[in-house]
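Residue-level structural notes
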Amino acid sequence: MAIINKTILFVKEQLQDAEAGHDWFHVERVYKNALLIAEKEICNLEIVKLGALLHDIADSKFHNGDETVGPKKARLFLEKENITEQVIAEVLNIIENISFKGGNFEKKFSSIELAIIQDADRLDAIGAIGIARTFNYGGFKNRAIYSPGIAPKLNMDKEEYKKSNTPTINHFYEKLLLLKDKMNTETGKKLAQKRHVFMEHFLDQFFAEWNGEA
């Protein structure tokens, strides 16, 4: 499909200088995860592909918290490629509703395509790659790895979550360990379970080493 190839080239160009946890390779992994999950679902595959490829085209974390940049970039690109307004609206709704945002964000839109891509994105936030991405972003933001005196902040609202600057280990409790139970599809749930257990083992080893027990 020509539009998919064009979208891949567009995303690669837009994210060529992106932080490593939110670069083209992240998008590519989410795209592959989405295709895997979509095999077991009845869905519009074109929207799944476009939504997965464009879901992080301009993450608000890297645009001063502005959540409108991504949808605007995606719309301009899709309009230029003469994509129908119906498909554009579906893709933009995915971009606007995919993010975790502290876990207390009430989605204003739902579809099987969003459910698939959200699961695919969340899978890339957990497991071995999720751990690597978390510490990469923590280093990017110059955050402490861990500070025993700073407890994780649970049940943050959207704005608190966006402004949070807690140590990287806290992020496991504030988001990553919560994702297993927030998966939408059966495939997503199965894949998340294995990655969740891997993170639990990592944390056990981390604290054992931190406390001089291993």
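Attention in this report is confined to the structure presented alongside it. Small disclaimer: the values here were computed from a predicted structure and weren't measured.

**A short note on the environment of Tyr 137**
- By secondary structure assignment, the location of Tyr 137 is in helix H7 (residues 127-140).
- Tyr 137 sits in the buried class, given a relative accessible area of 13%.
- Taking C-alpha positions, Tyr 137 is 27 Å from Ile 37, a pair spaced 100 residues apart along the chain.

**Some remarks on the pattern of salt bridges**
- What the rule picks out here adds up to seven salt bridges.
- Residue Arg 75 pairs with Glu 85 through a salt bridge whose shortest N-O separation is 2.9 Å. Taken together, the positions of Arg 75 in helix H4 (residues 69-80) and Glu 85 in helix H5 (residues 85-97) put the pair 10 residues apart, joining distant regions of the chain.
- Taking the relative accessible area as the measure of exposure, Arg 75 reaches 24% and is therefore partly exposed.
- In this structure, Lys 180 engages Asp 181 in a salt bridge whose closest nitrogen and oxygen atoms are separated by 2.9 Å.
- Salt bridges here are not isolated pairs; linked through shared partners, they connect Arg 29, Asp 124 and Arg 133.

**Digging into the nonpolar core**
- With 54 residues, the main nonpolar core has Val 11, Leu 53, Leu 54, Leu 78 and Phe 172 as its most contacted residues.
- Of all the secondary structure elements, the ones that give two or more residues to this core are helix H1 (2-14), helix H2 (24-38), helix H3 (45-54), H4, H5, helix H6 (112-123), helix H9 (168-174) and helix H10 (186-210).
- Here this core takes seven residues from H2, the largest share from any one element.
- Leaving out residues up to four positions away in the same chain, Leu 78 has contacts with Leu 50, Leu 54, Ile 83, Ile 88 and Val 91.

**Details of the side chain of Thr 187**
- By secondary structure assignment, the location of Thr 187 is in helix H10.
- The contact partners of Thr 187, leaving out residues within four places of it in the chain, are Ile 37 and Lys 40.

**A word on the packing of H1 against H3**
- It is the contact of H1 with H3, at a shortest axis distance of 10 Å, that shows an interaxial angle of 10°. The pairing of H1 with H3 is recorded here as roughly parallel in orientation. Contacts between H1 and H3 involve Ile 3, Ile 4, Thr 7, Ile 8, Phe 10 and Val 11 from the first element and Glu 46, Lys 49, Leu 50, Leu 53 and Leu 54 from the second.
- Along the lines of polarity and charge, the residues of the contact of H1 with H3 split into eight nonpolar, one polar and two charged.

**A closer look at H6**
- Its 12 residues give H6 an end-to-end C-alpha distance of 16 Å, which sits within 8% of 16 Å, the value for a rise of 1.5 Å per residue.
- Counting buried positions along H6 gives 11 out of 12 residues, so the element sits mostly inside the fold.
- Every buried residue of H6 is accounted for by Glu 113, Leu 114, Ala 115, Ile 116, Ile 117, Gln 118, Asp 119, Ala 120, Asp 121, Arg 122 and Leu 123.
- Along its buried surface, H6 packs onto H2, H3, H5 and H10.

Basis of the calculations
Residues numbered from 1 in each chain as written. Predicted model: local features only at pLDDT ≥ 70, side-chain atom pairs only at ≥ 80, totals over all residues. Heavy atoms only, no water. Helix = DSSP H or I, 4+ residues; strand = E, 2+ residues; numbered from the N terminus. Buried < 20%, exposed > 50% of the residue type's maximum accessible area, 1.4 Å probe, protein only. Salt bridge = Lys/Arg side-chain N within 4 Å of Asp/Glu carboxyl O. Core = buried A, V, L, I, M, F, W, Y, C linked by side-chain atoms within 4.5 Å. Contact = heavy atoms within 4.5 Å. Axes fitted to C-alpha atoms, helices over the stretch in contact; angles between N-to-C directions. Parallel < 35°, antiparallel > 145°, perpendicular 65-115°, else oblique. Nonpolar A, V, L, I, M, F, W, Y, C, P; charged D, E, K, R; others polar. Expected span 1.5 Å × (residues − 1).

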